[in-house]
Amino acid sequence: EFLGRVDFRTLREAYAGAKALLFPGEEDFGIVPLESMASGRPVIAFGRGGAIETVVDNETGIFFHEQTVDSLVEAILKFEANPTQFDPARCRERALSFTKERFQTQFQTCVAHWWSDHVTRRQQKPSLPPATTRPPELNA
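Colleague: Can you help me understand the overall build of the protein chain in this one?
Modeller: Helices and strands together make up the secondary structure of the protein chain, namely six helices and three strands. Counting over 140 residues, the protein chain shows a buried share of 21%. Entry remark: accessible area of the protein chain is about 10,300 Å², with carbon and sulfur atoms responsible for 56%.

Colleague: Sorry, what's going on with the sheet that holds strand S3 (residues 61-64) here?
Modeller: Adjacent strands of a sheet pair through backbone hydrogen bonds, lying either parallel or antiparallel. Here three strands make up an open sheet; going across it, the order is S1-S2-S3 and the pairing parallel. Two strands in the sheet have a free side with no partner beyond their single neighbour: strand S1 (21-23) and S3. Averaged over all pairs of adjacent strands, the angle between their axes in this sheet comes to 15°, without regard to strand direction. As defined by bridge partners, strand S2 (residues 43-46) adjoins S3 across four bridges and the pair is classed as parallel. Looking at S3, one finds that Phe 46 is bridged to Phe 64.

Colleague: Please explain the nonpolar core as it appears in this structure.
Modeller: A general feature of soluble globular proteins is that nonpolar side chains tend to end up buried together. If you look at the biggest cluster of nonpolar residues, it comprises 12 residues: Tyr 15, Leu 21, Phe 23, Leu 34, Met 37, Val 43, Ala 45, Ala 51, Val 55, Phe 63, Cys 91 and Ala 95. Ignoring any residue separated from it by four or fewer positions in sequence, one finds Leu 34 in contact with Phe 29, Thr 54, Ala 95 and Phe 98. Grouped together as the second largest cluster of nonpolar side chains are seven residues, Ile 44, Phe 46, Ile 62 and Phe 86 included.

Colleague: Help me understand helix H4 (residues 69-81) in this model?
Modeller: Think of an α-helix as turning once every 3.6 residues; residues three or four places apart then point the same way. Its 13 residues place the ends of H4 18 Å apart at the C-alpha level, agreeing with the 18 Å of an ideal helix rising 1.5 Å per residue. Buried positions along H4 lie against S2 and S3.

Thresholds, definitions, all that
- Residues numbered from 1 in each chain as written.
- Predicted model: local features only at pLDDT ≥ 70, side-chain atom pairs only at ≥ 80, totals over all residues.
- Heavy atoms only, no water.
- Helix = DSSP H or I, 4+ residues; strand = E, 2+ residues; numbered from the N terminus.
- Buried < 20%, exposed > 50% of the residue type's maximum accessible area, 1.4 Å probe, protein only.
- Areas by Shrake-Rupley, 256 points an atom, 1.4 Å probe, with all protein chains shown as cover.
- Pairing = 2+ DSSP bridges.
- Axes fitted to C-alpha atoms, helices over the stretch in contact; angles between N-to-C directions.
- Core = buried A, V, L, I, M, F, W, Y, C linked by side-chain atoms within 4.5 Å.
- Contact = heavy atoms within 4.5 Å.
- Expected span 1.5 Å × (residues − 1).

Below you can see the structure in the form of structure tokens.
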């Protein structure tokens, strides 16, 4: 069903009332699959781009690997054969691993680690000899 532009409440209700979200495009990240999973609904997604970062194949959704009718139909039939294999709580849990707060925390942790490593390596690096002992071509 194509709804067009809808308000946030209607969008949430659509996600929650769906069997699954069909995500046939390729995007760099793709917030839409995460919104669906946050509503406890699995995703049938083209297995490229950001979807492979967010959807866990056969756990929070199903991938199809060619943007063809046959590939898409095969994925939908696979989903329809066992729609209860997708636990709504697991879908929500996966979506929560992409929150803004988690991103900020992980980013800060990485930067702190990289900075500490940089400082440590710099302290261990032998200093350059005084300029007077450098080759003449480097003293210019």
